[in-house]
Every structure is written in structure tokens, then in C-alpha cells.
Amino acid sequence: GQQVMQIPQYQHVQEGEDFTTYCNSSTTLSNIQWYKQRPGGHPVFLIQLVKSGEVKKQKRLTFQFGEAKKNSSLHITATQTTDVGTYFCAGLGNSGYALNFGKGTSLLVTP
Amino acid sequence: AAGVIQSPRHLIKEKRETATLKCYPIPRHDTVYWYQQGPGQDPQFLISFYEKMQSDKGSIPDRFSAQQFSDYHSELNMSSLELGDSALYFCASSSPGYEQYFGPGTRLTVT
């Protein structure tokens, strides 16, 4: 079955530094979604990428979908303490319903 | 805006007891998903329903069952509870293939 790998597992940065998390799938993805989960909270949808090579930006966040639609990345420029949380990538399963989550990257930002 | 509602928010049960978790999706969302998240883990897909029919099945134990009712709310029934069932249980809703909106979760503790 489809497996979604995500690295790194943890990242600790100083406020103002950049951060990147990478996601790789064993199979071609129809689309990929990114979620953020704050400590003690629930996953919150950030973005969905559908097209090969797609790049989307949300303020300081840049999302990329690989040309082969097997990998994706999330880059945060100049991190802030409000960026703390776990970032998950997720691919749709074969049925088109369930999300297969990566293991997530936990980001800690110290002032 | 209305969000996904889950009840109860916290539940403590003893081994071998049963538990019922409820989920009320966002209005006009026709798909409901259930996920289980252990401490420090990614959400694991359990089961989903589209228009009151089971649409996909993940790693849901045979001791668990779920259904979606005519008003689109869903219930996850868990029997013969085991210590390992202690986790956060999230319900999410969406239109099929679109981003999923997660509820606040039910924290189940089995003692």
C-alpha cells in the first residue's frame, strides 16, 4: 500500500531561521495535502497541491509538489514562535477518501 | 463558521468496557472519517462514510464498528476495550477528495 515518508522527525530552530520538511511517497499521488497540528490541538488543513511541479505560497509558507508527484516540501521563511507545531503531509489513498499521513515533523521555535 | 463537533471530549473507561464516540460533521459535508492518534504518532485512518455508506476501511479493529446516520452524524462504537486503545480519536468531515476538517477529538483513556 501507499506509504508516505516524512523527514525530519524533529526540528529545533531559532526564531527567524528557515525551516523545511520533506515528504516522499512510494507511489504517485493524485494530490497531496498539508496539515498543521498545534500541541494539544487537532490537525488543521493548510493547503492542497494537485498539479505536477505546483508551487503555492501562503505568506511565509511555500509548498511544492514534485514533477513526478511523488514528493513534496513545505518551507517556512523566518520562523516565528507561532509556527510551533507538527506539520503533516498526507496523500489520498487509492479509494480517494482516506488520508495517509506522513509521520510528521515537529517544529520547535525558540525566541 | 460551524466546525466538526465531537462528544465526549474526554472519556475514561476500564478494560473490557464499551465506548461510543459521536461526531457531527460540518453542514453539507457528506463524508465523515475517523482517525486514531496515539501519543507522538500521526493520525491513523480507521474508517470513512460517504452518504451514509462505508466508503473506505483502514486499520479499524474488529472490536470497533461505526455508522453514519440519516442526519449525517456518525458514531464509533468500541467494545472489549484494551489498554492500547487509549488515544485521541478524531473525526473529520469533507466533500470527497477535498480538504478534511478535523474535530477537536475525543481523548479516550482505558485503565
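Asks: What is the right way to look at the side chain of Thr20 of chain A in this model?
Replies: Residue and element names in this part refer to chain A. Examined against the element boundaries, Thr20 turns out to sit in strand S3 (residues 19-25). Looking at Thr20, its side chain comes within polar contact range of the side chain of His75, at 2.6 Å. Leave out the neighbours within four places in its chain, and Thr20 touches Pro8, Ser73, Leu74 and His75.

Asks: What should I look at first to understand the environment of Phe102 of chain B in this one?
Replies: Inspection of the secondary structure assignment puts Phe102 of chain B in strand S10 (residues 101-102). Sequence-wise, Phe102 of chain B and Lys52 of chain B are 50 residues apart; in three dimensions their C-alpha atoms are separated by 18 Å. Setting aside residues no more than four positions away along its own chain, Phe102 of chain B makes contact with Tyr35, His42, Pro43 and Phe101 of chain A together with Val4, Tyr35, Phe90, Cys91 and Ala92 of chain B.

Asks: Any chance you could explain the interface of chain A and chain B here in plain terms?
Replies: For interface size, the figure often reported is the accessible area lost on association. Taken together, the 19 residues of chain A in the interface contact 22 residues of chain B. Here chain A and chain B share an interface that buries about 1,600 Å² over both sides, 57% of which is from carbon and sulfur atoms. Of all residues in chain A, His42, Tyr97 and Phe101 of chain A give up the largest surface area on contact with chain B, accounting jointly for 36% of the area buried on that side. Where chain A touches chain B, the interface holds four residue pairs in polar contact (both at pLDDT 80 or more). Counting residues per element, the side of chain A that touches chain B draws most heavily on strand S4 (residues 32-37) of chain A, which supplies three residues. Across the side of chain A that touches chain B, the residue classes break down as nine nonpolar, nine polar and one charged.

About the thresholds
Residues numbered from 1 in each chain as written. Chains lettered and ligands numbered in written order. Predicted model: local features only at pLDDT ≥ 70, side-chain atom pairs only at ≥ 80, totals over all residues. Heavy atoms only, no water. Helix = DSSP H or I, 4+ residues; strand = E, 2+ residues; numbered from the N terminus. Polar contact = N/O pair within 3.5 Å; in protein donor to acceptor, adjacent residues only side chain to side chain. Contact = heavy atoms within 4.5 Å. Buried area = accessible area lost by both parts, 1.4 Å probe. Nonpolar A, V, L, I, M, F, W, Y, C, P; charged D, E, K, R; others polar.

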